[in-house]
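One-letter residues, chain by chain:
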Amino acid sequence: MNLVHRVVVPLRVLLVMLFAGLVVAQVMSMPGQFAYMAREEPDMAYLRWPLTIWSILELLCIQVVIVCTWKLLTLVASDRIFSEEAFAWVDAIIWALGVGWVLFLGVFLYLGFLANDPGLPILMFGMVLVGGVLVLLMVVMRALLRQATTLAADMEAVI
């Protein structure tokens with residue numbers, strides 16, 4: 001059993017656990033948290049439903065990334081990662097990360113100006129930067145996959 005196969009199985013287990021945790025957060029934790037917030041801080045109650053919907057969409061973006069990663073792992077395990085099929089999954093990851101980043105940026109811009117404490121805007125700004133780095137990193141990884149796929153196709157043509 002080579003290294004790739006020893007890593008794919010535990011990674012899939014962790015992806016399933018992460019996906020399940022996100023579903024629990026979407027269904028129970030986030031709606032409950034924002035309902036509690038609305039009860040405790042009535043002046044912020046108008047944010048209950050927008051924040052609930054926003055958090056569910058953010059977690060959905062992460063779930064899309066998990067599903068796409070699962071599909072890419074299937075291609076890795078079957079030694080077909082350097083094929084055109086992989087690009088659809090990588091593109092979906094880029095789009096999901098991009099949508100999640102834009103959603104987070106919007107909330108950062110809105111809530112950042114409402115905050116009376118600099119801690120939350122600073123934390124959110126850091127998360128916006130990390131999200132932007134992840135999106136751009138995936139774009140670079142896609143370009144590397146394109147180069148490797150082209151190289152693999154060229155090698156097959158020579159042989």
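What counts and what doesn't
- Residues numbered from 1 in each chain as written.
- Predicted model: local features only at pLDDT ≥ 70, side-chain atom pairs only at ≥ 80, totals over all residues.
- Heavy atoms only, no water.
- Helix = DSSP H or I, 4+ residues; strand = E, 2+ residues; numbered from the N terminus.
- Expected span 1.5 Å × (residues − 1).
- Buried < 20%, exposed > 50% of the residue type's maximum accessible area, 1.4 Å probe, protein only.
- Contact = heavy atoms within 4.5 Å.
- Patch = residues over 30% accessible without salt bridge, like charges linked within 9 Å, V, L, I, M, F, W, Y side chains within 5 Å.
- Areas by Shrake-Rupley, 256 points an atom, 1.4 Å probe, with all protein chains shown as cover.
- Salt bridge = Lys/Arg side-chain N within 4 Å of Asp/Glu carboxyl O.
- Domains from an automatic or database assignment.
- Buried area = accessible area lost by both parts, 1.4 Å probe.
- Polar contact = N/O pair within 3.5 Å; in protein donor to acceptor, adjacent residues only side chain to side chain.
- Nonpolar A, V, L, I, M, F, W, Y, C, P; charged D, E, K, R; others polar.

> Quick rundown of helix α4 (residues 119–158)? Include the residues and the values.
Its 40 residues give α4 an end-to-end C-alpha distance of 58 Å, which sits within 8% of 58 Å, the value for a rise of 1.5 Å per residue. Buried residues of α4: Pro121, Met124, Val128, Gly131, Gly132, Val135, Met138, Leu145 and Thr149, and no others. Looking at the packing, one finds that the buried side of α4 touches α3 (84–114).

> Break down unusual backbone geometry for me, with residues and values.
One can expect most non-glycine residues to show negative phi and most peptide bonds to be in trans. Its identity as a non-glycine residue notwithstanding, aspartate 79 has a phi of 60°, on the positive side. Considering the arrangement of structural elements, one finds aspartate 79 in the loop between α2 (48–77) and α3. A residue is classified by how much of its surface remains accessible, and aspartate 79, at 68% relative accessible area, is exposed.

> Break down a nonpolar patch on the surface for me, with residues and values.
Together, Val130, Val133, Leu134, Leu137, Val140, Met141 and Leu144 make up a nonpolar patch on the protein surface, roughly 620 Å² of accessible area in all. When its relative accessible area of 53% is taken as the criterion, valine 133 is described as exposed.

> Just give me the short version of the domain arrangement of the protein, but keep the residues and values in it.
Each assigned domain of the protein is listed with its residue range as follows: domain 1 (1–81) and domain 2 (83–158). Computed from C-alpha coordinates alone, the two centres of domain 1 and domain 2 are separated by 16 Å. Regarding the contact of domain 1 and domain 2, the summed buried area is about 1,400 Å², with carbon and sulfur atoms giving 79% of it. At the surface where domain 1 touches domain 2, the tally comes to one salt bridge. Its salt-bridge partner being glutamate 85, residue arginine 80 comes within 3.7 Å of it at the nearest N-O pair. For the interface between domain 1 and domain 2, the tally reads five residue pairs in polar contact (both at pLDDT 80 or more). Here the residues of the side of domain 1 that touches domain 2 sort into 11 nonpolar, one polar and three charged.

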